Amino acid sequence: MNLLRFFFTLSLLITTASLASALEKPNIIIFYVDDLGWQDVGLNDLDAECPYETPNLDKLAAMGMNFTQAYSPAPSCSPSRAGIITGQHPAQLGFTHVDLGKITEGRPKDQFLSPYLDQHLNFDHLTLADAMKDNGYKTGHVGKWHIGPSAETYGFEFVDHSRGVHRGMKDRTKDFSTAKDKQYPLSQEKYFPFSDKKPDGISYPYDQLTESALQFMTENKSEPFFLNMWHWMVHWPVLTRNGELLEYYCDKMGQPFPPTSGAEDMTLPGQQNPYFASMVTTIDWSLGRVMDYLKNTDDPRNPGKKLIETTYIFFSSDNGGAEKKAKEIISDNFPLKYGKTNTEEGGVRVPMVVAGPGVTKSSRFDGLVNQLDYFPTILKVTASSIAADQKKRLSGLDISEVLTAANKKIVDAEGKERTHLFWHYPHGGGNMKSAIREGDFKLYQHAQAGSYELYRLSKDGARQDIEENINLINDPQYAELAKGLTSKLNAELQAHNAQGPYLNPTYKDNTLQAASISQSTLFGQQASLTLDPQGPAIAKAYVIYLPSTDAPQKKHRNETGIDTTAPQIRVKYPAEIKDKGYFVSATIPKGVSGYRFILVDENNFLIYGEEQAVGDEGSEASP
């Protein structure tokens, strides 16, 4: 048996080595969907069958591996996207929500404040696009960005931020595309779904996002390429320009076509919104267009092969599904608890499929996996390298051996098996939480209440309490487990320099004293704050640079030509703390019109200095 095991392992190593030799630079596609829930596709159906049809995703899963316990880095859009493109945990980036550049000073009723988030992802971070470009790849981004200026600023050479077919419309019940539509003409080709009404299939409106992806691949197929394809769907607004597709789902769900106007009519519980169903299948159609192109196109770099044989596709969603908007019911993540902007399972567990050279076909992996794993995995399968100090910053693990069945477990560089994942979401008013998942269990740490919750999601691999209904935190049987998970979570938060939530100095029932600014001064380019020595000292200090009040308004999101070496506006820079925490200073670069200090005192209060224009020297701040 030992000899058989030796030869089996040797054959795997030879196969992997041969694959790497034959495909030194395979192509990479990240196909990212916005707000697609774990139960919004049929891959991991629990209880009732998902009514949304995704035949192309099913085909992709048959070509590769389905990850049944895959997670996004965060429960909302921007931090997940920043995490996937840098490979760093959102907590480590200090980029944990979508409220970028927003200062919320709090109200008397608010005990806690969310941390200040940079207005955009700091230009200093190495991105996956940078790494791929440095290793000989052509880089392209199409679709949503939402982490800063144009993706061109972050290493992408080909960029199109078009929303494609997902644009608002005057009346979603009838303003459907036609064959003669100037912007969204219906295709002559017919596609899924096939029905008694439409046995030959239906047409789809022109989608610039998908066409740009195909254009990028066509123009760059002679070289290794990295395509970052980030759809705006299935995010709100919930609508479709495809009347035939909407009719198909209205018929399937037993609803009238066209639907009656008004969002109040889309209030049926569960997964009964035909508009949302149409968006899910439109995403699948787009995936099918990409897959068909790869299947039908020769790879110039590998004679005799099609691009589908030399390309990895990473499919997933930026966070859990959205369930409701105002009165409209969008979808339902049940049996998972809650949805996006929550650290519960419904907010962070997502569908995920990976297919490509050497990936075991029609396989599945039930261990814990995170999209932060994409960066190191892509480096490995493309035989790419980055500087050692940059590699140390990566938060994920290389999962390439799991993809090829060379290993049944995800391990780190030292061969130690992954044990847990964690999330940090210090936002959402009363919903500020951090969480950790290890094995069968998941623990939550509530900032406001200072309390914990513990759930057993599974037992020996079988479903147990995936609904997170039975809180075990006060069960003596799990006291040591809860203590251990709490310790691990706090260690992760500390190791990743997690920020917030912070105490609000204006909260009406504060029992602790907050630091108080006694004077704000600017001499030349040197800005400083003096703190009241009778109050607590400052533990952390930052400064942000403000735009000129007469500066032109922010340009379209496709804005290019940004000077990434210039001082970054509304991005935190460390300030210097002196005099045992009672004096803070920072040098304001020339050309900056204004600044503002952001302080955290030793009692964990978040204090904002006043906005100061450069030139207002010697001004005193309000105490």
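Scroll up a little and you will see the structure.
Predicted model, so just to flag it, every value in this text is computed and none were measured. Numbers given for residues are sequential positions, taken from 1 along each chain in its written order. Only residues with pLDDT of at least 70 get local features here, since the model is predicted, and only at 80 or more are side-chain atom pairs given and counted; chain-wide, interface and lining totals rely on the full set of residues. Hydrogen atoms and water are omitted, and side-chain values are computed over all heavy atoms in the structure.

### A short note on the overall build of the protein
Logical step 1: We count a stretch as a helix when DSSP gives it H or I for four or more residues in a row; a strand needs E for two or more, and each element gets its number in order from the N terminus. Within the protein, the regular secondary structure consists of 13 helices and 30 strands.
Logical step 2: In this description the radius of gyration comes from C-alpha coordinates, and the expected globular size is given by 2.2 Å times residues to the power 0.38. By the compact-globule yardstick of 25 Å for 623 residues, the protein fits well, its C-alpha radius of gyration being 26 Å.
Logical step 3: Expressed as lengths along the three principal axes of its C-alpha atoms, the size of the protein is roughly 80 × 70 × 50 Å.
Logical step 4: Burial classes: relative accessible area under 20% of the type maximum marks a residue as buried, over 50% as exposed, and values in between as partly exposed (1.4 Å probe, protein chains only). Sorting the 623 residues of the protein into buried and exposed places 56% on the buried side.
Logical step 5: Contacts are assigned to residue pairs with any non-hydrogen atoms lying within 4.5 Å of each other. Across the protein, contacts joining residues at least 24 apart in sequence account for 69% of those joining residues at least 6 apart.
Logical step 6: Computed by Shrake-Rupley with a 1.4 Å probe, the accessible areas treat only the displayed protein chains as cover when residues are assessed. In the form shown here, the protein has an accessible surface area of approximately 26,900 Å², with 50% of it arising from carbon and sulfur atoms.
Logical step 7: Residues scored as positive are Lys and Arg, those scored as negative are Asp and Glu, and His as well as the terminal groups of each chain are ignored. Note that the charge is assigned to NZ on lysines, CZ on arginines, CG on aspartates and CD on glutamates. Here the protein contributes 63 positive and 77 negative side-chain charges, whose respective centroids are spaced 2 Å apart.

### Quick word on the sheet that holds strand S16 (residues 433-438)
Logical step 1: For two strands to count as paired, DSSP must find a minimum of two bridges between them. Strand order in the open sheet formed by 4 strands is S15-S16-S17-S18, with antiparallel pairing between adjacent strands. The sheet is open, and its two edges are formed by strand S15 (420-425) and strand S18 (452-456), each paired on a single side. Sheet twist, expressed as the average angle between the axes of neighbouring strands with direction ignored, equals 10 degrees.
Logical step 2: As paired strands, strand S17 (residues 441-446) and S18 are joined by 5 bridges and run antiparallel to one another. In the sheet register, Phe-441 faces S18, and the bridge partner there is Arg-456.
Logical step 3: Sheet contacts for helix H13 (residues 479-495): S15, S16, S17 and S18; angle to S17, the most-contacted strand, approximately 65 degrees. Angular values range over 0 to 180 degrees, each being the angle between N-to-C directions of two axes fitted as lines to C-alpha atoms, with helices fitted over their stretch in contact.

### Regarding the nonpolar core
Logical step 1: Core analysis: the biggest nonpolar cluster contains 58 residues, and Leu-60, Met-217, Leu-227, Leu-294 and Phe-315 have the highest contact counts within it.
Logical step 2: Listed by contribution, the elements that provide at least two residues to this core are strand S1 (27-33), helix H2 (55-63), helix H6 (208-220), strand S7 (225-230), helix H7 (243-252), helix H8 (274-296), strand S8 (311-317) and strand S12 (352-355).
Logical step 3: Element by element, the count of residues in this core is highest for H8, at 12 residues. In these notes, a set of buried Ala, Val, Leu, Ile, Met, Phe, Trp, Tyr and Cys residues joined through side-chain atoms within 4.5 Å is what counts as a nonpolar core.

### Details of H8
Logical step 1: With 23 residues, H8 extends 32 Å from end C-alpha to end C-alpha; this agrees with the ideal 33 Å at 1.5 Å per step.
Logical step 2: Of all 23 residues in H8, 20 are buried; the element is thus mostly enclosed.
Logical step 3: Polar contact is defined as a pair of N or O atoms within 3.5 Å, subject to the rule that within protein one atom must be able to donate a hydrogen and the other to accept it, and that residues adjacent in sequence are counted only when both atoms are side-chain atoms. A distance of 3.0 Å separates the backbone nitrogen of Tyr-275 from a side-chain oxygen at the start of H8, and that oxygen is part of Asn-273. Expected span, for any helix, means 1.5 Å times one less than how many residues it has.

### Re the pairing of strand S24 (residues 538-546)
Working note: regular strand, side chains alternate between the two faces of the sheet.
Logical step 1: With 7 of 9 residues buried, S24 lies mostly within the body of the structure.
Logical step 2: Of the strand pairs in this sheet, S24 and strand S28 (residues 594-601) are connected by 8 bridges, and their pairing is antiparallel. From the neighbouring strand, Ala-541 faces S28, where its bridge partner is Leu-599.
Logical step 3: Where S24 lies against strand S25 (residues 573-574), 2 bridges are found, and the strand directions are antiparallel. Within S25, the residue paired with Tyr-542 across the bridge is Pro-574.

### A closer look at the pattern of salt bridges
Logical step 1: Criterion for a salt bridge: a side-chain nitrogen of Lys or Arg within 4 Å of a carboxyl oxygen of Asp or Glu. Inspection of every chain in the model, using the stated rule, returns 29 salt bridges.
Logical step 2: Of the charged contacts in the structure, one is a salt bridge between Arg-172 and Glu-328, with a shortest N-O distance of 3.1 Å. Of this pair, Arg-172 sits in the loop between strand S6 (158-160) and H6 while Glu-328 sits in strand S10 (residues 328-329), placing them 156 residues apart in sequence.
Logical step 3: Look at Glu-328 and you get buried, because its relative accessible area is 1%.

### A closer look at the side chain of Glu-328
Logical step 1: There is a polar contact of 3.1 Å between the side chain of Glu-328 and the side chain of Arg-172.
Logical step 2: At 2.8 Å, the side chain of Glu-328 and the side chain of Asn-273 are in polar contact.

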